[in-house]
Amino acid sequence: MRARLLALVLLLLLAGCSSGGTRDDGRITLRFQSLAWQEESVEANKQLVKEWNAAHPDVRVEYVQGTWDSVHDQLLTAFEGGEAPDIIHDASDDLADFAYGGYLADLTGLLPARLKSDIPRRSWETATFGDGVYGVPFLQEPRVLIANTTWLRRSGVRIPTPGKPWSWAEFRRITERLSGRGKYGVAWPLKEPVSATLNLSLSAGGQLFHRGPDGKVTVRFEAADQVVPRTVHDQVNTDRSASPTTLGSGGSDTLPGFFAGRYAMVPLGFSYRQQIVQQAPEGFDWQVLPAPAGAGGLTQGVSPQTLSIAEDCPHKKEAVEFLDFLLRPPNMVRLALGDWMLPTGTQALRDPALRTTRHGWATGTALAAQLRPAPAQTVRGYPEWKDKVATPALQEYYSGAIGLGELRERLERDGNLVLARYQR
C-alpha cells in the first residue's frame, strides 16, 4: 500500500497535479506520457510534440516522461486514482488487463482510414482485445544475431541471410564449431527467458497457448515448442558452445564479453545495435544476422510499442488527431531511427534510411514481414504465468537443473492452474 501511495504521489507531481482538459481560454491540453529513453528517441518525441504545438495552438500536448521499469504499476495506480495521462505509450503485451478493465478507449471508430490501412492487420492484432482496438502499434523489434564478423569469416562457416538463414540444427552445429579454449559460439542473455523463448519458437512452428471453441486458453508444450529451448539447453549443457554464465544476464551485460572476443554471437533485440555502435572498441567488426529458421521459416513473435488513449480522456478526437500526426510516415521513420527499431507502417518501412546495409538496417527490414503477434498477446493471466511458472521453470531447465519432462509438466500443469483462475 505504501509503495502504491508513493507511486501516486510521483504521478501527481509529473502531471502537475491535474489531468488533461480544457482551460478557461478554451485551449485543450493533452498529456502524452512517453517511455522513450534513448537520447535520440527522447529528442525525436519532444521535437514532434513541439511541431504539433506550433501548428495547433488550440490543442496543446504536454510531454510527460515515463519509464519502462515501472510503467505497469504506475499506470494502474494512475487509472485507479483518476490521473492517467490522456495519451499512453506502452507495449502491446501490457495492454490486455487495462483493456479488459475498461481503462483504455476503444479506438475502433476513431482511427483515420490512412492510419488503419498503413499498418498491417497482423500488427493491429497485437492491440485487439475482444471486439475492440486499444492501442496503435507503431514500433517493433525482431530478435537477431549480433555476430563478430572477423571470427565468423576466419572460421569459414556459411554466413546466413534472410533469404538463406540457418536452421536451428545448423545453428547448433555452427556454435559448437566456433567454440573451444574458453570461448563460446553464442551467449544467451536469458535473465527474462519467457518472451525470447516463446517469440523465437514461432519459427519452429511452436504455439504453446491454444484457444478452444469456448474461448478458454490452455498450455500445451508440444514438439514444435521444444525446438528452441532444447537448442539452448543442449548448447549450454551438452555442446558447451553457449556460455552458462550469461543465462542470468540481460542483453547489455553480454556486450563487454562480446567485444572482448569471448562470444562469437549474441541473440539480441534489434535496438541493441545502438549500444553496440556507442560502446564497441575501435575497429571491432560486427554484423546483424537473422535468427535461425525452422518449420515456420523466419516467423517470430513481437509485442510492438503502442500508443493508447485513456478511457477517461475528455478529448479523444483531438488525441487521435495527435496520434495521426505523430505516426505520419516521415514521423514514424524519425521515431524508428531514434529508437533503432522498425516501424509498423508499410510506407515508413520503404524509406531508404531504413534499408541501408549500415548497422544492419536492411536485415531488419527484410524480417518485418515475418513478424507476428507474440503468442501470449491476448492471454489473460499471462503476467502471473510468466513470473510464477514459466520464468523459474525455464531458468532451471536452461541451467540443467531439471529435464525436458519436468519443464513440460510445470509449464502445462502449473500453468493451466494459473490461467484457469482468469477464465472462469
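Residues numbered from 1 in each chain as written. Predicted model: local features only at pLDDT ≥ 70, side-chain atom pairs only at ≥ 80, totals over all residues. Heavy atoms only, no water.

### What to know about a negative patch on the surface
A cluster of acidic residues, Asp106, Asp131, Glu311 and Asp312, forms a negative patch on the protein surface. Within the secondary structure layout, aspartate 106 lies in the loop between helix H4 (96-100) and helix H5 (113-118). (Patch = residues over 30% accessible without salt bridge, like charges linked within 9 Å, V, L, I, M, F, W, Y side chains within 5 Å. Areas by Shrake-Rupley, 256 points an atom, 1.4 Å probe, with all protein chains shown as cover. Salt bridge = Lys/Arg side-chain N within 4 Å of Asp/Glu carboxyl O. Lys, Arg positive; Asp, Glu negative; His and termini not counted. Charge placed at Lys NZ, Arg CZ, Asp CG, Glu CD. Helix = DSSP H or I, 4+ residues; strand = E, 2+ residues; numbered from the N terminus.)

### Quick look at the layout of surface pockets
Estimated volume of the second largest pocket: approximately 240 Å³. Secondary structure elements with two or more residues in the lining of the second largest pocket: helix H7 (149-155), strand E12 (286-290) and helix H16 (361-367). Take the lining of the second largest pocket: its biggest share by element is 3 residues, from E12. Residues belonging to the lining of the second largest pocket are distributed by class as follows: 4 nonpolar, 6 polar and 2 charged. (1 Å grid on protein atoms, 1.4 Å probe; cavity = no way out; pocket = protein on both sides within 12 Å on 5 of 7 lines; lining within 4 Å. Points joined across faces, edges and corners; volume = space filled by probe spheres on them. Nonpolar A, V, L, I, M, F, W, Y, C, P; charged D, E, K, R; others polar.)

### Overview of helix H10 (residues 223-237)
Spanning 15 residues, H10 covers 20 Å between terminal C-alpha atoms, matching the ideal 21 Å at 1.5 Å per step. Of all the bends found along H10, the most pronounced is centred on proline 229 and spans about 30°. Here H10 has its buried residues at Asp225, Gln226, Val228, Pro229, Thr231, Val232, His233, Asp234, Gln235 and Val236. (Expected span 1.5 Å × (residues − 1). Bend = angle between axes of the 7 residues up to and from the residue. Buried < 20%, exposed > 50% of the residue type's maximum accessible area, 1.4 Å probe, protein only.)

### Some points on the pattern of salt bridges
With the rule as written, the count across this model stands at 16 salt bridges. As a salt-bridge pair, aspartate 239 and arginine 172 come within 2.6 Å of each other at their nearest N and O atoms. Of this pair, aspartate 239 sits in the loop between H10 and helix H11 (255-259) while arginine 172 sits in helix H8 (residues 168-178), and the two are 67 residues apart along the sequence. The class of aspartate 239 is buried, set by a relative accessible area of 15%. A residue is classified by how much of its surface remains accessible, and arginine 172, at 26% relative accessible area, is partly exposed.

### Let's talk about the sheet that holds E12
Taken in spatial order, the 3 strands make up an open sheet running E11-E8-E12, and their pairing is antiparallel. Two strands in the sheet have a free side with no partner beyond their single neighbour: strand E11 (265-269) and E12. Put simply, the sheet's adjacent strands are angled 35° from each other on average, direction ignored. Here 5 bridges tie strand E8 (residues 143-148) to E11, and the two strands are oriented antiparallel to one another. Bridge pairing in E11 links arginine 143 to glycine 269. (Pairing = 2+ DSSP bridges. Axes fitted to C-alpha atoms, helices over the stretch in contact; angles between N-to-C directions.)

### Comments concerning the confidence of the model for the protein chain
Taken as a whole, the protein chain shows an average pLDDT of 93; of its residues, 94% reach a score of 70 or greater. Note that residues 1-19 has pLDDT below 50 and, in this model, 20 contacts with residues that lie over four places away or in other chains. (pLDDT = per-residue confidence, 0-100. Contact = heavy atoms within 4.5 Å.)

### Some points on the nonpolar core
Among the nonpolar cores identified, the biggest contains 63 residues, and Phe32, Val136, Phe322 and Leu327 are the most heavily contacted of them. In terms of residue count, helix H13 (residues 316-326) provides more of this core than any other element does, 6 residues in total. Aside from chain neighbours lying at most four places away, what touches phenylalanine 32 is Asn45, Val49, Val61, Glu62, Tyr63, Val64, Ile87, His89, Leu307, Phe322 and Leu326. (Core = buried A, V, L, I, M, F, W, Y, C linked by side-chain atoms within 4.5 Å.)

### What to know about the environment of threonine 231
By the element assignment, threonine 231 lies in helix H10. Taking C-alpha positions, threonine 231 is 40 Å from glutamate 43, a pair spaced 188 residues apart along the chain. In contact with threonine 231, not counting residues within four places along its chain, are Trp168, Phe171 and Arg172.

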